[in-house]
Amino acid sequence: MKKIAIEVNGKKVSKEIQDHTTLSSLLRDILNLTGTHIGCDTSQCGACVVHVDGKSIKSCTALAVDLNGSKVTTIEGLASNGKLHPMQEAFKKMHGLQCGFCTPGMVMSAVDLLKNKKNPSDQEIRDWLEGNICRCTGYHNIVAAVKEAASKM
Amino acid sequence: MASLVGSRVERKEDKRFLTGKGRYTSDINIANQTYAIFIRSPHARAKIKKIDTSKALKSSGVVDILTGEHIAQDKIGGLIAGWAIRSEDGSEMKCPANPPLAKDSVNFVGDPVAVVFAETLDEARAAADLVKIDYKVLKAVSNLGEAMNSEAIHDGIDKNLCYDWLLGDRQKVKEAFEKADKIIKLDINNNRLIPNAMEPRACVIDYNTASEEITCYTTSQNPHLSRLIMSAFGGVAPENKLRVVAPDVGGGFGSKINLYNEEIVCSWASKKIERPIKWVAERTESFLTDTHGRDHITHAELAVTNDGKFLGFKNETIANLGAYARVFGTVTPTYLFGPCATGVYIMPAAYSNVKAVYTNTAPVDAYRGAGRPEATYTIERIVDKAAMELGMDPIEIRMKNFPTEFPFKQTLVHQIDSGDYVAGLNKAKEMADYDGFAARRKESESKGKLRGIGVTSYFEACGIAPSPVVMMLGCGVGLWESAEVRFNPTGQVTVYTGSHSHGQSHQTTFAQIAADELGVPIENIDVVHGDTDKGTFGMGTYGSRSLTVGGIAIVNACKKIVNKGKRIAAKMLEASPDEVDFKNGEFVVAKSNKKKTIGEVAFASYLPGVRDEVKSPLPEGDEPGLIESSFFDPANFSFPAGSHICEVEIDPETGHVKLDKYTAVDDFGTIVNPLIVEGQVHGGLAQGIGQALYENAQYDDSGQLITASYMDYTMPRADDLPDFNLGFTCTKATTNPLGVKGCGEAGTIAATPTVMNAVINALDGKEISLPATAEKVWKACKEMKKSNAKAA
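All values derive from a computational prediction rather than experimental measurement.

Visitor: Looking at this model, I keep getting lost on the overall build of chain A. Mind explaining?
Guide: The helix and strand inventory of chain A stands at 5 helices and 5 strands. Walking chain A from its N terminus toward its C terminus, one meets helices and strands in the order β-β-α-β-β-β-α-α-α-α. For 153 residues, the compact-globule formula gives about 15 Å, and the C-alpha radius of gyration of chain A, at 15 Å, lands near that figure. Looking at chain A alone, contacts between residues at least 24 apart form 60% of all its contacts between residues at least 6 apart.

Spelled out as structure tokens, the structure:
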């Protein structure tokens with residue numbers, strides 16, 4: 001067991017955790033932030049993507065003890081003061097989600113893309129999201145949503 | 001008030017999903033819960049000699065370990081096939097017992113043998129490693145083509161044959177073939193797929209020791225059906241003591257129709273150990289044990305005249321059922337497949353003969369499209385082959401054989417109420433710039449690339465109905481759907497539906513329908529589903545049935561509300577009900593300005609009186625309240641149809657197939673919400689394209705699934721797919737009041753043959769099996785080069 005202190009969605013959190021606790025497990029099982037999803041065991045599907053110190057990572061393969069002192073943002077922390085983030089608005093407007101399971105990871109990943117590239121091309125969006133699997137949308141409306149968000153940000 | 005049906009209404013469900021507030025089964029935790037780990041067979045076929053749990057039971061945190069012996073002692077029943085199919089010779093199909101935990105033998109890798117319950121997940125995992133199971137390993141039957149010539153894997157099921165089914169008239173087909181100018185022959189596979197809903201299966205069980213009620217939260221497409229099976233066949237608890245809740249469910253695609261071993265075992269065990277239980281599948285468990293899809297080997301023949309008229313069709317198919325027959329396992333390769341195999345064409349004679357066999361692989365059941373993709377693939381591939389052998393254009397040969405008058409009696413079963421296949425194909429041709437293909441092909445060739453174009457015309461039979469007919473054909477239940485519409489006294493409406501949304505957007509589309517019917521703002525309407533304790537019964541969501549069956553039940557319940565409202569309004573307005581019209585949420589007396597809103601009528605129905613006077617707004621014979629329900633059993637299936645065209649560009653140096661353009665023109669009748677319908681088509685296309693180019697579930701000779709992770713099973717990703725170009729035509733369904741047809745599976749049905757026809761067109765007609773992976777295409781390109789060199 002190790003003690004870690006991190007900031008999650010702007011709130012300071014201090015917890016005693018096991019060495020093998022992943023960030024996704026800390027978020028879901030200990031902090032009850034169940035918006036971060038687990039869709040595979042091989043770091044392939046991307047449903048668990050969150051931001052650590054502003055960068056998107058797959059939280060299912062990050063050990064929480066390694067992240068002592070870092071700032072984590074999850075899907076629950078993206079909207080501010082009850083107002084949806086432009087990426088969340090765009091996914092709604094363009095119907096970029098169906099069952100909603102991959103959505104948190106997809107949105108967090110897309111937000112990071114726009115931090116790196118203000119107006120990505122279709123191909124750049126598709127390349128960036130290659131690590132996030134969606135089984136419902138065929139990605140068409142996800143790409144449209146990311147472009148919509150880029151135009152609004 | 002403008003009609004909402006037909007509008008691009010943004011989804012009511014999105015906000016919670018986009019803010020991380022969705023509530024999926026694995027998000028649910030119950031105080032004092034234990035964690036379950038299932039111990040599964042590592043062998044495809046073996047006898048269980050001995051299970052030793054003694055050491056594991058002493059392991060830290062273990063609450064209990066249960067095996068097939070305990071299941072048998074408690075007389076807990078097994079999993080079932082939902083449809084009884086008869087062979088051509090009249091004999092009934094043969095199904096093995098499928099206990100929730102294997103007791104004597106295991107029949108596929110992943111077959112559950114025992115289950116450990118412990119205080120923590122880590123402790124359950126550690127204890128599971130200590131359970132010793134002695135197996136006598138037997139030779140597995142994992143190859144579909146050899147299954148009928150292999151040792152029987154289930155006692156008493158010769159040749160591993162479940163049934164040998166025939167639909168159609170062999171003699172008529174024989175006569176038709178004798179008149180043919182040419183017989184086109186085709187041998188194809190339909191590759192095995194794994195549905196891969198992004199949410200792995202899970203269940204959380206809570207046994208209430210006071211009420212003796214079991215609550216099973218689970219990842220199901222049809223909670224009522226699961227409860228029915230778990231109660232009637234599993235014997236876990238009577239239905240009134242069993243509540244099944246399917247909260248937010250992260251995709252299904254058919255894989256969450258079945259009640260699974262884990263739900264039965266955990267529900268039964270929760271009562272036994274008097275503790276809540278949580279079980280969540282890992283992705284590899286999903287790969288191994290979710291029902292798989294497709295997996296056919298087909299020999300087809302098409303008899304044609306020299307000018308391209310179809311005379312007759314033969315379809316000889318071997319279908320893989322996997323180790324056990326499950327809910328839709330036996331009907332998928334028969335009534336959902338056979339009738340559709342003649343496609344959208346006038347086909348004077350036809351038969352479909354299907355031999356369904358058992359193998360030591362995961363059970364195969366409905367996967368998006370269920371039978372209809374396999375049928376469409378068969379006919380659309382052979383029609384293209386016919387066009388090629390006759391030197392005809394693929395569009396010309398299709399046009400030549402389309403029916404132009406509706407209703408159209410399709411050869412084998414269906415009476416198709418409406419359609420316009422010519423209009424659909426013409427539109428697709430125009431949108432895809434079919435005539436510009438030759439120039440684009442030249443352009444590709446100038447860059448050393450191969451370009452192909454593929455066409456598919458399809459119809460789908462969805463919303464299986466009516467119940468007496470499906471039950472006559474062997475279905476164990478009726479396939480109606482129910483709804484209940486409740487007005488609250490203060491004017492909001494709750495719609496309870498037996499359909500289940502796991503991505504289909506019912507909270508929005510069903511609210512649109514109810515808003516139009518009742519004239520109530522959509523904000524004031526809530527749609528509730530997925531809980532056997534809420535609302536009426538339901539058969540759930542699969543086979544593109546939600547709108548055409550469940551949606552219409554809502555329409556009918558709303559109409560009952562309006563009828564009762566009319567009677568109440570008439571009494572309140574001192575008019576006769578015949579004089580009252582209902583429009584835009586208001587009951588208006590004809591030729592007067594007397595009116596009441598539906599909200600006022602609802603209020604009066606619950607508060608039927610006034611101060612100081614004995615006076616009721618309720619007509620004699622009407623009870624208080626404004627709640628109505630409906631069970632809708634359609635007179636027929638609905639028959640969406642369409643034509644898709646795609647172009648691929650192949651790099652012969654790498655075999656990489658680039659999907660360059662994809663055009664889909666579909667006829668879904670009335671479209672309730674175009675935004676959502678387009679999304680359904682996009683997603684369907686991705687799965688159909690996945691089958692054509694990437695996805696393939698493979699077992700090795702020993703029955704090990706060698707594609708059991710996302711590292712090995714190729715899911716289509718964002719950079720694999722193009723933007724889709726969608727168009728719609730509309731002929732309304734005549735079998736329901738909205739004129740709607742199903743839209744959920746169309747994309748999947750059409751995309752696979754469309755892409756394969758394009759790939760094969762690029763390869764100058766060279767046959768290639770599904771999926772057209774870069775390796776296979778590269779090899780085909782090399783062979784083409786060799787034979788071209790020889791010819792030169």
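Visitor: How should I be thinking about the interface of chain A and chain B in this particular structure?
Guide: The figure often quoted for interface size is the accessible area lost as the parts come together. Facing the 43 residues of chain A at the interface are 42 residues of chain B. For the side of chain A that touches chain B, the element with the most residues is helix 2 (residues 86–93) of chain A, which contributes 4 residues. Taken together, the residues of the side of chain A that touches chain B break down into 19 nonpolar, 15 polar and 9 charged.

Visitor: I would appreciate a short explanation of the pairing of strand 28 (residues 725–729) of chain B in the present structure.
Guide: Looking down a regular strand, the side chains alternate between one sheet face and the other. All names here are of chain B. Note that strand 27 (residues 656–667) and strand 28 share 5 bridges and pair parallel. The residue of strand 28 that forms the bridge with T663 is N725. Regarding topology, helix 17 (residues 674–693) serves as the crossover connection from strand 27 to the parallel strand 28, and that connection is right-handed.

Visitor: Before we go on, may I ask you to explain the domain arrangement of chain A in this structure?
Guide: Residues and elements named next belong to chain A. One can read the domain layout of chain A as domain 1 (2–77) and domain 2 (86–152). With centres defined by C-alpha atoms, the gap from domain 1 to domain 2 works out at 21 Å. Listed by partner, the interface residues are 15 residues for domain 1 and 11 residues for domain 2. Mapped by element, the contributors of at least two residues to the side of domain 1 that touches domain 2 are strand 3 (49–52) and strand 4 (55–58). When residues in the side of domain 1 that touches domain 2 are grouped by element, the largest group, 3 residues, is from strand 3.

Visitor: When you look at the sheet that holds strand 18 (residues 450–459) of chain B in this model, what are you seeing that I'm missing?
Guide: Pairing between the strands of a sheet is mediated by backbone hydrogen bonds and can be parallel or antiparallel. Residues and elements named next belong to chain B. Judged by pairing direction, the sheet is mixed, and its 4 strands sit side by side in the order 18-26-27-28 without closing on themselves. Strand pairing shows two members of the sheet lacking a second neighbour, strand 18 and strand 28, which therefore form its edges. On average, adjacent strands in this sheet sit at an angle of 15° to one another, irrespective of strand direction. Note: strand 26 (residues 641–651) against strand 27, 11 bridges, orientation antiparallel. Each bridged residue has a counterpart across the sheet, and for G642 the counterpart in strand 27 is D666. Those strands touched by helix 12 (residues 437–446) are strand 18 and strand 26, and its axis lies near 145° from that of strand 18.

Visitor: Help me understand helix 9 (residues 372–390) of chain B in this model?
Guide: Residue and element names in this part refer to chain B. Helix length check: helix 9, at 19 residues, gives a terminal C-alpha distance of 27 Å against a target of 27 Å (1.5 Å per residue), a fit within 8%. With respect to burial, helix 9 is a largely interior element, 16 of its 19 residues being buried. Downstream of helix 9 by a residue or two, G391 has a phi angle that is positive, lying close to 70°.

Visitor: Before we go on, may I ask you to explain the environment of P407(B) in this structure?
Guide: All names here are of chain B. When you line up the elements, P407 lands in the loop between helix 10 (394–401) and strand 16 (408–409). Residues P407 and G419, 12 residues apart in the sequence, show an inter-C-alpha distance of 8.2 Å. Apart from the residues lying within four places of it in its own chain, the contact partners of P407 are Q415, I416 and D417.

Visitor: What exactly am I supposed to notice about the sheet that holds strand 15 (residues 349–358) of chain B here?
Guide: Residues and elements named next belong to chain B. Taken together, the 5 strands give an open sheet; going across it, the order is 7-15-14-13-8, and neighbouring strands pair in mixed fashion. The open sheet has two free edges, formed respectively by strand 7 (161–168) and strand 8 (182–193), since each of these has just one partner strand. Neighbour to neighbour, the strand axes of the sheet diverge by 10° on average, direction disregarded. Relative to strand 14 (residues 310–322), strand 13 (residues 293–304) runs antiparallel, the two being bridged by 9 bridges.

Visitor: Would you mind going over the domain arrangement of chain B with me for this structure?
Guide: All names here are of chain B. Domain boundaries in chain B define domain 1 (420–464 + 636–792) and domain 2 (480–632). Distance between the C-alpha centres of domain 1 and domain 2: 42 Å. At the interface, 17 residues of domain 1 touch 15 residues of domain 2. Looking at the side of domain 1 that touches domain 2 residue by residue, the classes come out as 8 nonpolar, 6 polar and 3 charged.

Visitor: Please explain the pairing of strand 12 (residues 277–280) of chain B as it appears in this structure.
Guide: Residue and element names in this part refer to chain B. Neither face of strand 12 is open: one carries I277 and W279, the other K278 and V280, and all of them are buried. Pairing between strand 1 (residues 34–40) and strand 12: 2 bridges, direction parallel. Bridging across to strand 12, Y35 finds its partner in K278. Relative to strand 12, strand 9 (residues 202–208) runs antiparallel, the two being bridged by 4 bridges. Pairing of C203 across the sheet is with W279, part of strand 12.

Visitor: Explain the packing of helix 15 (residues 546–572) of chain B against helix 16 (residues 598–606) of chain B here, please?
Guide: Angle between the axes and distance between the axes are the two parameters that describe a pair of packed helices. Residues and elements named next belong to chain B. Between helix 15 and helix 16, whose axes approach to 10 Å, the crossing angle comes to 85°. Of the possible angle classes, the one that applies to helix 15 and helix 16 is roughly perpendicular. For the pair formed by helix 15 and helix 16, the contact residues are G565, I568, A569 and M572 on the first element and I598, V601, A604 and S605 on the second. Broken down by class, the residue content of the contact of helix 15 with helix 16 amounts to 6 nonpolar, 2 polar and no charged.

Visitor: What am I meant to see in the environment of D74(B) here?
Guide: Residues and elements named next belong to chain B. When you line up the elements, D74 lands in the loop between helix 3 (68–73) and strand 4 (105–106). The partly exposed category is assigned to D74, around which 14 C-beta atoms lie within 10 Å. When the C-alpha positions of D74 and P407 are compared, they lie 53 Å apart, and in sequence the two are 333 residues distant.

Visitor: Got a minute to help me understand the confidence of the model for chain B in this structure?
Guide: The predicted coordinates of low-pLDDT regions are not to be read in fine detail. Per-residue confidence for chain B gives a mean pLDDT of 97, with 100% of residues at or over 70. In the predicted assembly, ipTM is 0.98 and pTM is 0.97.

Visitor: Just checking my understanding: could you explain the nonpolar core for this structure?
Guide: If you look at soluble globular proteins, the nonpolar side chains tend to sit buried side by side. Among the nonpolar cores identified, the biggest contains 295 residues, and V116(B) and A514(B) are the most heavily contacted of them. Per element, the largest residue contribution to this core is 13 residues, and it comes from helix 15 of chain B.

Visitor: What should I look at first to understand unusual backbone geometry in this one?
Guide: Among all residues except glycine, the phi angle is most often negative; among peptide bonds, the trans geometry is most common. All names here are of chain B. A cis amide bond links F406 to the next residue, P407, at an omega of 0°. Put simply, A465 and P466 share a cis peptide bond, and its omega is -10°. On the secondary structure map, P466 appears in the loop between strand 18 and helix 13 (467–472). For N196, which is not glycine, the phi dihedral falls at a positive 60°. Among the secondary structure elements, N196 is positioned in the loop between strand 8 and strand 9.

Visitor: Whenever I open this one, the packing of helix 3 (residues 103–116) of chain A against helix 5 (residues 140–152) of chain A confuses me. Can you help?
Guide: All names here are of chain A. Direction vectors running N to C along helix 3 and helix 5 enclose 45°, while the axes themselves pass 11 Å from each other. Of the possible angle classes, the one that applies to helix 3 and helix 5 is oblique. The interaxial crossing formed by helix 3 with helix 5 has right-handed handedness. Of the residues in helix 5, those touching helix 3 at M106, A110, L113 and L114 are I142, V146, A149 and A150. Along the lines of polarity and charge, the residues of the contact of helix 3 with helix 5 split into 8 nonpolar, no polar and no charged.

What counts and how
- Residues numbered from 1 in each chain as written.
- Chains lettered and ligands numbered in written order.
- Predicted model: local features only at pLDDT ≥ 70, side-chain atom pairs only at ≥ 80, totals over all residues.
- Helix = DSSP H or I, 4+ residues; strand = E, 2+ residues; numbered from the N terminus.
- Rg over C-alpha atoms; globule rule 2.2 N^0.38 Å.
- Contact = placed C-beta atoms within 7 Å.
- Nonpolar A, V, L, I, M, F, W, Y, C, P; charged D, E, K, R; others polar.
- Pairing = 2+ DSSP bridges.
- Right-handed = clockwise from strand over helix to strand, strands pointing away.
- Domains from an automatic or database assignment.
- Axes fitted to C-alpha atoms, helices over the stretch in contact; angles between N-to-C directions.
- Expected span 1.5 Å × (residues − 1).
- Buried ≥ 20, exposed ≤ 12 C-beta atoms within 10 Å, placed from the backbone.
- Parallel < 35°, antiparallel > 145°, perpendicular 65-115°, else oblique.
- pLDDT = per-residue confidence, 0-100.
- Core = buried A, V, L, I, M, F, W, Y, C linked by C-beta atoms within 7 Å.
- Left-handed = near helix turned anticlockwise from the far one by under 90°.

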